[in-house]
Structures are given as C-alpha cells and as structure tokens.
Amino acid sequence: MGRPCSLPLAVLVLLVTVRTAAGQAPTGEQISRAHTMLAQVRDDLRKYYYDSTFGGVDLDGRFRRVDSALDRAASPAELFGHIAQFLFDLHDSHTEFLPPERAANIDYGWGWTVLGDKCYVRWVRKDSDAQRKGIEVGDEIVSLDGMTLNRQSRDLVGYVYYWLNPRPGMHLQVRKPGGTSFEADILAKVTPGERVYDYSNALSRQLIYNEYQLSSSQVHWWREFGDTALVWHFSGFHSGDHGIDDMMDKARAHKALILDLRNNPGGAETTILRLLGHFVDHPERIAFVHHRDKTDTLIARPVGKAPFHGTLIVLINANSASASEITSRFLQLQGLSTTVGDRSEGAVMGSREFVHYVGGDKGLVYAVTVTVQDLTMDDGNRLENAGVEPEFIVVPTGADLAAKRDPQMAKALALAGIQLDPVQAAKIYGNDFARAP
C-alpha cells in the first residue's frame with residue numbers, strides 16, 4: 001500500500017483519536033507490549049532497511065522519544081499510533097506498521113478514488129448509512145473528520161481508517177458534481193465476531209485492504225475491435241504469467257494494443273519481465289534496484305518468437321502503482337508506447353514483511369513491512385513520490401463517475417483509430433466490469 005505524503009509529523013497520533021469516543025487508558029500490560037513492539041520494529045529497520053542512514057533520520061533518537069511517549073499514551077489506539085508514526089517519519093511508501101487485527105468487522109459502506117488531485121466517491125453500498133445520508137458516486141469528498149482528503153492524504157487516511165484504527169463512523173464534507181455542498185455523519189456497519197486475522201497470512205490481510213482498494217479478482221478483461229485494436233485490462237502483476245503469453249499472441253493479430261493498467265497496484269518482478277519481454281527484440285535495461293549493500297540490474301529479455309510491433313497505448317491513473325509504473329515508464333522511455341490518463345501513484349519501492357508475536361498465552365500477532373530496495377529507472381530518475389506523467393493527460397470528473405463515462409478510454413481508443421463516446425467507452429469490457437477509471 002503506497003503512502004507518499006507530505007503531511008505534518010505526528011499526524012498519525014492525532015488521527016487515531018479523531019472523533020473517537022474517550023476510552024479506557026491503556027493497562028500496564030498493554031504499555032509493556034507496545035514497548036516490546038516498538039523495539040522489535042526498530043530492530044527490523046536496523047537489520048533490513050535499504051538505506052543504512054535512514055534518509056538522515058536519527059533512528060535511535062526517534063526511538064527514545066517515541067518509547068517515552070508510549071508511557072503517556074491516553075488509549076490503546078494511541079499506543080499503536082506512536083508505533084506507526086515511528087515508521088511514518090521515514091517518508092517512504094512501503095514501510096509501515098500492521099497492528100493486530102480487531103475481532104469486529106467494520107464496513108463504512110462507501111469507497112473513494114483519486115482523480116487528479118482530489119478524491120471522489122467511487123462506490124456506495126446499497127442500504128448502507130452512506131446511501132441513506134445522500135452519498136453518491138461522483139461526489140467529491142472535501143474532508144473526512146476535518147482532514148482534507150486528496151491525492152497527498154488518501155493513502156494515509158486509508159491506512160488509519162482501514163488498518164490502524166477502524167472506527168464506527170466518520171464526518172464527511174461533500175461537494176456534489178453540480179457544486180452544492182453538504183455535511184453528513186456516516187455510521188459504519190459494525191459486526192462483532194471472534195475472528196482475528198492472522199498477519200502471517202498475507203492473503204487474509206489483503207482481504208481488509210481490498211475493500212477500499214477494489215483490486216480486481218480477475219487478471220484479464222479484454223475487448224477486440226476486429227483486427228484494429230485489442231483492449232486489455234491487466235489488473236495486477238500476480239506471480240506467474242497468468243496467460244500473458246496467450247494475451248500477447250492475441251495482441252499480435254491487431255494493429256494496436258491498449259494496455260489498461262489503471263487501478264493496478266503492482267506485484268511480482270517476474271511478471272514485469274514476462275510482460276515487457278514481449279516488447280523487446282534484445283535485452284534492455286529497465287532499472288537499477290538498490291539494496292543496502294548492492295545494486296542489481298533489472299533487464300527485460302525477449303519472450304516469444306517476435307516482439308509486438310503495433311501501436312501501443314498504455315492507460316494509467318492515480319491508482320497505478322509499483323510494477324504498473326515501472327512497466328509504463330519503461331515503455332515510455334523506450335519510445336514504444338503512448339501513455340494516456342492521470343499521473344500514477346509514485347510508489348515503487350520493494351519491501352519485505354516481518355511477522356512478530358508479543359505476549360503470553362493471549363499474545364498478539366502483528367507485522368511490519370520494511371523497505372528493502374529502492375529503484376532508479378534507466379534514465380537515472382526515481383519514480384518514488386513522482387509517478388509517471390502521461391503524454392496525454394485525461395482526468396475524469398466527478399460528473400463523469402456519476403454518469404458512468406470513461407474519457408480516458410475514449411481518448412485511448414481514438415488514438416487507436418476507434419471513435420467511441422465516453423459512455424460507450426465505459427462499457428467496452430461488458431456489464432460485469434463495474435469499475436470506474
């Protein structure tokens with residue numbers, strides 16, 4: 001989960017208490033466990049963080065200050081907030097604290113997406129309190145619990161509300177596509193239960209985040225326009241080729257390929273190499289991968305009998321991250337593609353997950369993800385916090401979301417020689433593909 005952000009320091013500690021009813025002070029046992037967690041997190045950074053200087057951060061000094069603050073925490077949630085802040089102060093997209101999961105399931109009933117620099121309602125669950133309060137697809141979320149929700153803050157807010165401190169409700173300031181504004185208190189659906197997610201199982205943890213990330217459960221959606229163009233939505237760089245070779249064989253029978261990487265959160269390095277191997281006829285350097293004590297080179301090598309030589313158009317948006325950014329930027333730098341859409345997320349570092357257990361018979365399982373590598377593209381520039389800039393910037397509006405229009409796809413199709421209006425373009429994958437750009 002990317003987290004590039006320029007928000008003030010200590011914001012996590014503040015956010016975990018925003019609009020949360022005053023609860024009991026932490027017990028001595030809870031404080032002791034928090035001290036142990038913080039020490040384990042610090043040790044993981046010392047051993048594995050890709051930059052031994054920690055970006056100039058005085059790690060031990062920060063540890064002492066946070067360790068002292070734990071003794072003054074007013075609630076268990078604030079304990080976790082301090083630990084999360086310790087990592088957040090490193091300002092990279094892949095290092096974060098994954099606290100023990102709560103037994104209750106919290107469903108807010110709506111989710112957001114980023115268009116340009118603003119956040120908009122992407123979906124609303126039927127019969128949810130959000131729907132009853134008038135929240136609709138295409139509404140701009142001006143603020144959430146008093147905090148501006150935009151491209152810079154969206155990942156941090158998502159982290160707090162879905163991971164660090166889920167809560168039973170939120171206060172929204174909303175602007176309709178027509179310009180009218182209103183405020184609403186939205187109640188979440190809270191379902192008590194005995195289930196506790198095991199952080200040693202990455203799949204179970206992903207189930208939580210998928211609710212607002214809306215990662216596709218299917219790798220390939222496609223539409224053919226005769227032999228003129230193949231439109232291929234590639235949802236994630238999952239390990240293995242997952243039919244990449246078959247799809248590229250299909251693409252070679254068309255004059256143009258529109259590779260739709262929108263809302264693609266990234267994935268496996270091997271899958272990047274498999275896909276890009278279909279566009280090169282000799283080994284090409286993609287990027288330099290920087291570890292703490294060495295630098296590796298990422299190289300695309302030819303795959304198949306011949307590379308794709310047709311017109312290549314790549315679609316990206318503000319939710320395109322990691323592997324999708326590396327892929328789109330490589331193709332752009334090589335002059336192999338035309339990129340359409342919105343600036344990508346800018347979250348391309350690589351991380352490892354470390355699972356820990358703290359306590360006795362009723363101990364807690366938690367995890368920390370630690371950035372173990374950084375990446376520089378072949379042109380010498382980093383994508384982290386910068387993203388990929390399309391040649392053709394097309395940013396949908398809230399009104400486009402509300403009306404189910406896809407101007408990004410319409411532009412890509414036009415470049416391939418196919419004229420469809422944005423309403424028709426939004427339907428090209430069929431009725432089952434219910435995701436807005």
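Residues numbered from 1 in each chain as written. Predicted model: local features only at pLDDT ≥ 70, side-chain atom pairs only at ≥ 80, totals over all residues. Heavy atoms only, no water.

Re the packing of aromatic side chains
Short version of the rule: Two rings from Phe, Tyr or Trp (for Trp, the six-membered ring) form a pair when their centres are within 6.5 Å of each other. A pair whose planes differ by under 30 degrees is stacked, one over 60 is edge-to-face, and the rest are tilted. Each residue is placed in one exposure class: buried if its accessible area under a 1.4 Å probe, protein chains only, is under 20% of its type's maximum, exposed if it is over 50%, and partly exposed if it falls in between. Segments assigned H or I by DSSP are reported as helices when at least four residues long, segments assigned E as strands when at least two residues long, and all are numbered from the N terminus. Remark: a charge is flagged as sitting over a ring if the NZ atom of Lys or the CZ atom of Arg is within 6 Å of the ring centre and within 35 degrees of the ring normal.
By the definition in use, this model includes 13 aromatic pairs. Considering the side-chain rings of F234 and F237, the 4.9 Å spacing of their centres and the 85° angle between planes classify their relative orientation as edge-to-face. Comparing F234 with F237, the two get one shared label, buried. Plain terms: the ring middles of F279 and F308 are 6.1 Å apart, the flat faces sit at 75° to each other, and that makes the pair edge-to-face. Residue F279 is found in the loop between α9 (269-276) and β13 (284-290), and its partner F308 is found in the loop between β14 (295-300) and β15 (311-316); the two are separated by 29 residues along the sequence. Taken together, Y108, W110, W112, Y161 and Y162 form an aromatic cluster joined through their ring pairs. Directly above the ring of F63 sits R42, whose terminal nitrogen or CZ lies 4.1 Å from the centroid. Of note, R223 hangs over the ring of F225, and the distance from its end group to the ring centre comes to 4.6 Å.

Digging into the pairing of strand β5 (residues 140-144)
As a reminder, the rule being used: Should DSSP find at least two bridges between two strands, the strands are taken to pair.
By the criterion of burial, β5 is predominantly enclosed, with five of the five residues buried. Strand direction decides the pairing type here: β5 and strand β7 (residues 169-175), joined by four bridges, are antiparallel. In the sheet register, L144 faces β7, and the bridge partner there is L172. Taken together, the two bridges between β5 and strand β6 (residues 147-148) define a ladder with antiparallel strand orientation. The partner of L144 across the bridge, within β6, is M147.

Description of the pattern of salt bridges
Quick note on the threshold: The term salt bridge refers to a pairing of a side-chain nitrogen on Lys or Arg with a carboxyl oxygen on Asp or Glu at a separation within 4 Å.
According to the stated counting rule, one finds 26 salt bridges in the structure shown. For R154, the salt bridge is made with D155, and the minimal N-O distance between the two is 3.1 Å. Relative accessible area serves as the criterion here: at 5%, D155 is assigned to the buried category. R252 serves as the salt-bridge partner of D249, at 3.1 Å between the closest nitrogen and oxygen. Residue D249 is classed as partly exposed on the basis of its relative accessible area, which comes to 48%. Through salt bridges with shared partners, one network takes in R42, D43, R46 and D60.

In short, shape yes, function no, at least from these values alone.
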